[in-house]
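Summary of structural features
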Amino acid sequence: MSALLELDDDEYLDLLLFIKGMYGFDFTLYSIASFQRRIRRYMANMKMSAVEELKRYLEIDQFHFNNFLLEITVNVTEMFRDPGFFKELRAKVIPQLDTYPHVRVWDAGCSTGEEVYSLAILFKEEGILKKTRIYATDINQKVINEAAEGIYPLSVMKDYSKNYINAGGHTSLSDYYFARYNNAIMNEQLKANVIYSTHNLVSDASFNEFNLIVCRNVLIYFQRDLQEKVIGMFLDSLPVFGYLVLGNKESLSTSRYRKNFEVIDSKEKIYRRIS
Amino acid sequence: MEENFKIKKNGYEAIVIGGSWGGMEAVIKIVKDLPVFFPLPIVVVVHRQKNVESNLCSVITKNTRLYTKEVTDKEEIRPGTIYLVPANYHVLVEKDRTFSLDVSENVLFSRPSIDIVFESASLVFRNKLIGILLTGANSDGSQGLKAISEMGGLTIVQDPMEAISKTMPLSAIERVKIDHILKLEEIQSLLMSTL
């Protein structure tokens, strides 16, 4: 990586407090090893050799901070990532959701939208998209703009198609986009019932009650205490029998809220609120 | 009692092992005869195909006396346990000796990245870390071994003559000061002698 392998603890905390004071983003409860690595990587890419340099850069204006924010948060995602999850969602959750007149879904940490479109496609195939609203949120405005546009490089669609098939897709992924130059442009009908907004899981409260909350591979970036706080917020945003989904290496098993949930699928980490 | 004394004597606190092509078979040869009271945690990172179900954990379990499990997020690192880094995730060691998962970009086309595991472990265990790099068809792990070496940890590379794919060990030997270049059998003996 870079010559700068290690950030001094004080320097690191000082940087986080600086960011918090200036822009209101609180990263002090993010997983340290992972977040420090992102910062070091950013500094190396920007050819910065000292934290002071980074601070001077962030001080300039919101635009510079946004650039930093985009790079230090992880926005890597794919359509139908972990196809097994979508299969189980289809089999175990959708039939229950279908018994409601309206369905509200929160995709927390939606990044550039690949998961949102995956959910929309699945809901459409199961015939419940029309009565569903998907609230898709992320900490970054920029990735939300990209998500709303729904334009992806054609080159990645081949992999996504494989995932789609493995997720039990009814037709072909190519039925849901049209190709233009080297891009895949997602169908408008998938976008109609999606509402995008910025939301910071660290500092913002819940904003609705949902039948399903999907938050996969987001909590891994948080320390335990912050994970618990966010799970508590999710609990408050779910009615009894509302579903919560985490990434498949995350778990409620050590959470103080575990007794509030029953396990619907232990491998794909699908939970349902019971109390 | 005696065991505790021995750990203190050598002072090593953790082992990280990385490999790619042929790496799993090599790992099994190393851990096969380790005693059930082997006192150090062993973190194993081997490149795997993403989105493919893997029975790696059960394969290793069948071949070792040590408790073997896949890493889960924020899990505490315990002695005498083999931790497998899951497919399609990076794993980092935190200062409080827990694991963090991460799904950020591939590094050297790899996720999990050996470099990330090694580097983050070196920042925590410093000169009390043993890093072992095995057979593999790319250069992942070299940077990580370098970090371990710079922290004063012990660096070991599988003898390229024995490796199914020489690229990974050769890359490390070229770029890093390696303490021991050994055959798998010798690596196992050396681990026993650290006790």
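All values derive from a computational prediction rather than experimental measurement.

Across its full length, chain B holds 7 helices and 9 strands. In terms of overall dimensions, chain B has C-alpha extents of about 45 × 35 × 30 Å along its principal axes. Counting the 195 residues in chain B, one finds 62% classified as buried. Sequence separation of 24 or more characterises 69% of the internal contacts of chain B that already satisfy a separation of 6 or more. Between the mean site of the 22 positive side-chain charges and the mean site of the 24 negative ones, chain B shows a separation of 2 Å.

All names here are of chain B. Judged by pairing direction, the sheet is parallel, and its 7 strands sit side by side in the order β3-β4-β2-β1-β7-β8-β9 without closing on themselves. Either end of the sheet is taken by a strand with one partner, and the two such strands are β3 (67-70) and β9 (180-182). Ignoring which end each strand starts from, the neighbouring axes of this sheet average 20 degrees apart. The pairing of strand β1 (residues 14-19) with strand β7 (residues 129-133) spans 5 bridges and is classified as parallel. Residue pairing in the sheet places Ile15 in a bridge with Ile130 of β7.

Residue and element names in this part refer to chain A. For the pair helix α2 (residues 32-45) and helix α3 (residues 51-59), the least separation of the axes is 11 Å and the interaxial angle reads 80 degrees. With respect to α3, the axis of α2 lies roughly perpendicular. In this structure, α2 contributes Ile39, Tyr42 and Met43 to the contact, and α3 contributes Val51, Leu54 and Tyr57.

Take the domain arrangement of chain A next. All names here are of chain A. Entries for chain A in the domain assignment read domain 1 (9-72) and domain 2 (83-273). The C-alpha centroid of domain 2 is placed 29 Å from the C-alpha centroid of domain 1. Residue-level contacts link 11 residues of domain 1 with 11 residues of domain 2. In total, domain 1 and domain 2 occlude about 1,000 Å² of area from one another, counting both sides; carbon and sulfur atoms represent 58% of this.

A few words on the interface of chain A and chain B. Counting residues at the interface gives 30 residues for chain A, matched by 29 residues for chain B. Note on chain A versus chain B: buried area summed over both sides is about 2,500 Å², and carbon and sulfur give 45% of it. Our count for the contact surface shared by chain A and chain B stands at 5 salt bridges. For Glu105(B), the salt bridge goes to Arg41(A), with nearest N and O atoms at 3.6 Å. Taken together, the links from chain A to chain B amount to 14 residue pairs in polar contact (both at pLDDT 80 or more). Among the secondary structure elements, those contributing two or more residues to the side of chain A that touches chain B are α2 and α9 (224-236) of chain A. In terms of residues, the side of chain A that touches chain B owes the most to one element, α2(A), which gives 7 residues. Among the residues forming the side of chain A that touches chain B, the class breakdown is 11 nonpolar, 7 polar and 12 charged.

The next thing to look at is the nonpolar core. The nonpolar side chains of a soluble globular protein tend to be buried with one another. Residue and element names in this part refer to chain A. By size, the foremost hydrophobic cluster in this structure holds 80 residues, and its most contacted members are Phe27, Ile39, Leu201 and Phe222. Here this core gathers at least three residues from each of two domains, domain 1 (9-72) and domain 2 (83-273). Counting 40 residues, the second-largest nonpolar core is a separate cluster that includes Phe86, Val93, Val105 and Ala120.

This next bit is on helix α2 (residues 23-31) of chain B. Extensive coverage of α2(B) is indicated by the burial of 7 of its 9 residues. Those residues of α2(B) that sit buried are Gly23(B), Met24(B), Ala26(B), Val27(B), Ile28(B), Ile30(B) and Val31(B).

Before going further, it helps to examine the confidence of the model for chain B. Considering every residue of chain B, the mean pLDDT works out to 91; 91% of them sit at 70 or more. Every residue in residues 1-8 of chain B scores below 50 in pLDDT, and together they form 6 contacts with partners more than four places removed in sequence or on other chains.

So, on to the pairing of strand β7 (residues 212-215) of chain A. All names here are of chain A. Across the two faces of β7 the burial is the same, with Leu212 and Val214 and Ile213 and Cys215 all buried. Note that strand β1 (residues 103-108) and β7 share 3 bridges and pair parallel. Counterpart to Asp107 in the pairing with β7 is Val214. Direction of pairing for β7 relative to strand β8 (residues 243-246): parallel, over a ladder of 4 bridges. Looking across to β8, one finds that Val214 is bridged to Val245. Viewed along the sheet, the connection from β7 through α9 into β8 turns out right-handed.

Attention now goes to the pattern of salt bridges. Taken as a whole, this structure holds 28 salt bridges over all chains when the rule is applied. With its nearest N and O atoms 3.1 Å apart, the salt bridge here joins Arg90(A) to Glu125(A). Residue Arg90(A) is found in helix α5 (residues 83-97), and its partner Glu125(A) is found in helix α6 (residues 114-125); the two are separated by 35 residues along the sequence. With respect to class, Arg90(A) is no different from Glu125(A); both count as buried. As a salt-bridge pair, Lys183(B) and Asp159(B) come within 3.3 Å of each other at their nearest N and O atoms. Of this pair, Lys183(B) sits in the loop between β9 and α7 (184-193) while Asp159(B) is found in the loop between β8 (154-158) and α6 (167-175), placing the two residues 24 residues apart along the sequence. Salt bridges linked by common partners bring Arg81(A), Asp82(A), Glu115(A) and Arg216(A) together as one network.

This next bit is on the environment of Gly169(A). All names here are of chain A. Here Gly169 lies in the loop between α8 (154-166) and β4 (177-180). Taking the C-alpha atoms as reference, Gly169 lies 16 Å from Val93; in sequence the two are 76 residues apart. Look past the residues within four positions of Gly169 in its chain and what remains in contact with it is Arg90, Glu125 and Tyr164.

Reading the values: rules and limits
Residues numbered from 1 in each chain as written. Chains lettered and ligands numbered in written order. Predicted model: local features only at pLDDT ≥ 70, side-chain atom pairs only at ≥ 80, totals over all residues. Heavy atoms only, no water. Helix = DSSP H or I, 4+ residues; strand = E, 2+ residues; numbered from the N terminus. Buried < 20%, exposed > 50% of the residue type's maximum accessible area, 1.4 Å probe, protein only. Contact = heavy atoms within 4.5 Å. Lys, Arg positive; Asp, Glu negative; His and termini not counted. Charge placed at Lys NZ, Arg CZ, Asp CG, Glu CD. Pairing = 2+ DSSP bridges. Axes fitted to C-alpha atoms, helices over the stretch in contact; angles between N-to-C directions. Parallel < 35°, antiparallel > 145°, perpendicular 65-115°, else oblique. Domains from an automatic or database assignment. Buried area = accessible area lost by both parts, 1.4 Å probe. Salt bridge = Lys/Arg side-chain N within 4 Å of Asp/Glu carboxyl O. Polar contact = N/O pair within 3.5 Å; in protein donor to acceptor, adjacent residues only side chain to side chain. Nonpolar A, V, L, I, M, F, W, Y, C, P; charged D, E, K, R; others polar. Core = buried A, V, L, I, M, F, W, Y, C linked by side-chain atoms within 4.5 Å. pLDDT = per-residue confidence, 0-100. Right-handed = clockwise from strand over helix to strand, strands pointing away.

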